[in-house]
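Next come the chains, spelled out residue by residue.
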Amino acid sequence: MAKDSSLRKRLIVIDIMVPTTVIFAMIGGWPFNLFVAVIIGVSAWEFWRMFSKGGYAPSLPLLILFSVAAVAMRGLWGFEYSGIWLGALILIAMLWHTIGYQKGAAHAANDLALTVFGAVYLGWLGSYAVSLSTLPNGLYWLLTVFPIVSLADTGGYLLGIWLGKHKMMPNVSPKKSWEGYVGGLLMGGLGGWGLAALWHIAVPTFLPVYGLILGVILSLVVPFGDFGESMIKRQFGLKDTSNILPGHGGMLDRIDTSLWAAFIGYVVIQILIR
């Protein structure tokens with residue numbers, strides 16, 4: 001019964017999150033950017049929460065400020081002022097944690113590294129979702145890249161349950177198997193091709209082969225985003241980044257692979273449409 005209850009909670013959250021994401025993607029513009037900023041801001045809090053439970057003290061105000069600012073700046077100016085954002089992040093974070101050390105912070109240097117990494121990891125990578133939306137046919141790219149992540153995850157789960165015997169990284173994620181990895185690759189690749197074939201009806205220049213290429217590449221690499229987050233949680237003995245999403249854990253638990261997909265998808269698409 002507990003498993004059934006957990007599954008119901010997961011399905012309810014998915015039934016809410018998926019259409020909400022699609023609606024904001026279709027609206028586009030500043031509402032979509034704000035939607036991304038809220039997700040990244042919540043994830044920044046969860047990042048801070050994880051490391052705080054591990055005995056460290058990255059700066060929560062700076063994590064949220066610079067993560068959200070990265071999304072806002074990407075929407076307003078693209079990559080134009082990214083150097084200023086990065087420089088300001090490094091200098092302000094160093095000043096912040098130097099003052100913290102003066103006040104007695106035990107791990108100020110570690111905290112500095114975590115603040116900078118967290119803002120870059122969440123803000124810089126997360127803002128590529130905004131960059132995807134600004135591409136020609138940006139809506140269709142959004143509705144290809146992120147569904148591929150879900151399809152690959154589903155394929156990995158199903159084949160892993162059925163045939164999974166050979167573990168990929170048992171110390172990091174004991175349930176993930178090579179068989180499941182292959183299942184994710186197959187479903188992600190075929191799903192990407194199917195989605196692009198569907199969008200091709202509306203946009204003739206949106207070729208099905210684009211979806212296939214994206215599906216294969218993303219399915220190959222984005223699972224390591226989940227492994228990376230699992231590594232952090234396991235070091236601190238945490239199951240989830242938070243409990244704000246029933247059945248799923250935290251927001252960061254939901255977007256760990258999407259952060260990788262946004263950046264890698266954007267780079268691949270830039271190559272495909274040249």
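Heads up: these notes are all about the structure in this document. (Residues numbered from 1 in each chain as written. Predicted model: local features only at pLDDT ≥ 70, side-chain atom pairs only at ≥ 80, totals over all residues. Heavy atoms only, no water.)

### Describing the overall build of the chain
What counts here: Secondary structure elements are defined from DSSP: runs of H or I of at least 4 residues count as helices, runs of E of at least 2 residues count as strands, and each element is numbered from the N terminus. Here the globule rule is a power law, 2.2 Å times the number of residues to the power 0.38, and the radius of gyration is based on C-alpha atoms. Think of it in three bands: residues with accessible area under 20% of the maximum for their type are buried, residues over 50% are exposed, and the middle band is partly exposed, with areas taken using a 1.4 Å probe on protein chains only. Residues count as neighbours in contact if any of their non-hydrogen atoms are within 4.5 Å of one another.
In terms of helices and strands, the chain carries 11 helices and 0 strands. Counting helices and strands in the order they occur from the N terminus, the chain gives α-α-α-α-α-α-α-α-α-α-α. What you see for the chain is a C-alpha radius of gyration of 19 Å, in line with the 19 Å of a compact globule of 274 residues. Summarising its shape, the C-alpha atoms of the chain cover approximately 60 × 45 × 30 Å along the three principal directions. Within the chain, buried positions represent 44% of all 274 residues. Within the chain, residue pairs in contact and separated by at least 24 positions form 71% of the contacts whose partners lie at least 6 positions apart.

### With respect to the side chain of Ser43
Relative to the elements of secondary structure, Ser43 occurs in helix H2 (residues 29-53). Dropping the residues within four chain positions of it, Ser43 is found in contact with Leu122, Met251, Leu252 and Ile255.

### Some points on empty space enclosed by the protein
Gaps left between atoms show up when a probe the size of a water molecule is rolled over them. The line we're drawing: Only protein atoms enter the calculation, which uses a 1 Å grid: trapped sets of points that fit a 1.4 Å probe without letting it out are cavities, open sets showing protein on both sides within 12 Å along at least five of seven lines are pockets, and any residue with an atom within 4 Å of a point is a lining residue. Grid points are joined across faces, edges and corners, and a volume is the space filled by probe spheres set on the points. Three residue categories are used. Nonpolar comprises Ala, Val, Leu, Ile, Met, Phe, Trp, Tyr, Cys and Pro, charged comprises Asp, Glu, Lys and Arg, and polar comprises the others, including Gly.
All told, the structure shown has 1 cavity of 30 Å³ or more when counted by the stated rule. Every residue lining the largest cavity is listed: Ala70, Met73, Arg74, Gly78, Tyr81, Ser82, Trp85 and Trp124. Take the lining of the largest cavity: its biggest share by element is 3 residues, from helix H3 (residues 60-77). For the lining of the largest cavity, the class distribution of residues is 5 nonpolar, 2 polar and 1 charged.

### Describing the environment of Leu132
Its place among the elements puts Leu132 in helix H6 (residues 128-133). Using a relative accessible area of 0% as the deciding quantity, one classes Leu132 as buried. Remark: the alpha-carbon pair of Leu132 and Tyr56, spanning 76 residues in sequence, is separated by 34 Å. When sequence neighbours within four positions are dropped, the list of residues in contact with Leu132 reads Gly138, Leu142, Val145, Phe146, Ala262, Gly265, Tyr266 and Ile269.

### Focus on the pattern of salt bridges
As a reminder, the rule being used: By definition here, a salt bridge exists when the distance from a side-chain nitrogen of Lys or Arg to a carboxyl oxygen of Asp or Glu is within 4 Å.
Scanning all chains against the criterion turns up 4 salt bridges. Glu229 is paired through a salt bridge with Lys233; the nearest N and O atoms lie 4.0 Å apart. You can see Glu229 and its partner Lys233 sitting in helix H10 (residues 223-235), 4 residues apart, about one turn around the helix. Here Glu229 falls in the buried class, since its relative accessible area comes to 2%. When its relative accessible area of 9% is taken as the criterion, Lys233 is described as buried. Here Lys239 ties to Asp240 by a salt bridge, and the two come within 3.8 Å at their closest N and O atoms. Under the relative-accessibility criterion, Lys239 is labelled exposed at 69%. In this structure Asp240 comes out as partly exposed when scored by relative accessible area, which is 24%.

### Remarks on the packing of aromatic side chains
When we look at a pair of aromatic rings, we describe it by the centre distance and by the angle of the planes. Here is the rule: Stacked, tilted and edge-to-face pairs are distinguished by plane angle, under 30 degrees for stacked and over 60 for edge-to-face with tilted covering the rest, among Phe, Tyr and Trp rings (Trp via its six-membered ring) whose centres lie within 6.5 Å.
Enumeration over the complete set of coordinates arrives at 22 aromatic pairs. Each ring, one from Trp85 and one from Trp124, has its centre 6.1 Å from the other, and the planes form 25°; the classification is stacked. Here Trp85 is found in helix H4 (residues 82-102), whereas its partner Trp124 is found in helix H5 (residues 108-126), with 39 residues between them in sequence. By relative accessible area, Trp124 is classed as partly exposed at 24%.

### Some details on the environment of Gly55
Examined against the element boundaries, Gly55 turns out to sit in the loop between H2 and H3. Sequence separation between Gly55 and Ile40 is 15 residues; the distance between their C-alpha atoms is 23 Å.

### Observations regarding the packing of H3 against H5
Selection criterion: The axes are straight lines fitted to the C-alpha atoms, using for helices just the contacting stretch, and the angles between their N-to-C directions are given from 0 to 180°. Any angle that falls under 35 degrees is termed roughly parallel, while one over 145 is termed roughly antiparallel, one within 65 to 115 roughly perpendicular, and all others oblique. Left-handed describes a crossing whose near helix is turned anticlockwise from the far helix through less than a right angle; right-handed describes the clockwise counterpart.
Direction vectors running N to C along H3 and H5 enclose 30°, while the axes themselves pass 8 Å from each other. By the criterion of interaxial angle, the relationship of H3 to H5 is roughly parallel. The interaxial crossing formed by H3 with H5 has right-handed handedness. Seen from H3, the contacting residues are Leu62, Leu63, Phe66, Ser67, Ala70, Val71 and Arg74; seen from H5, they are Leu114, Thr115, Gly118, Ala119, Leu122, Gly123 and Trp124. When the residues that make up the contact of H3 with H5 are grouped by side-chain class, the tally is 9 nonpolar, 4 polar and 1 charged.

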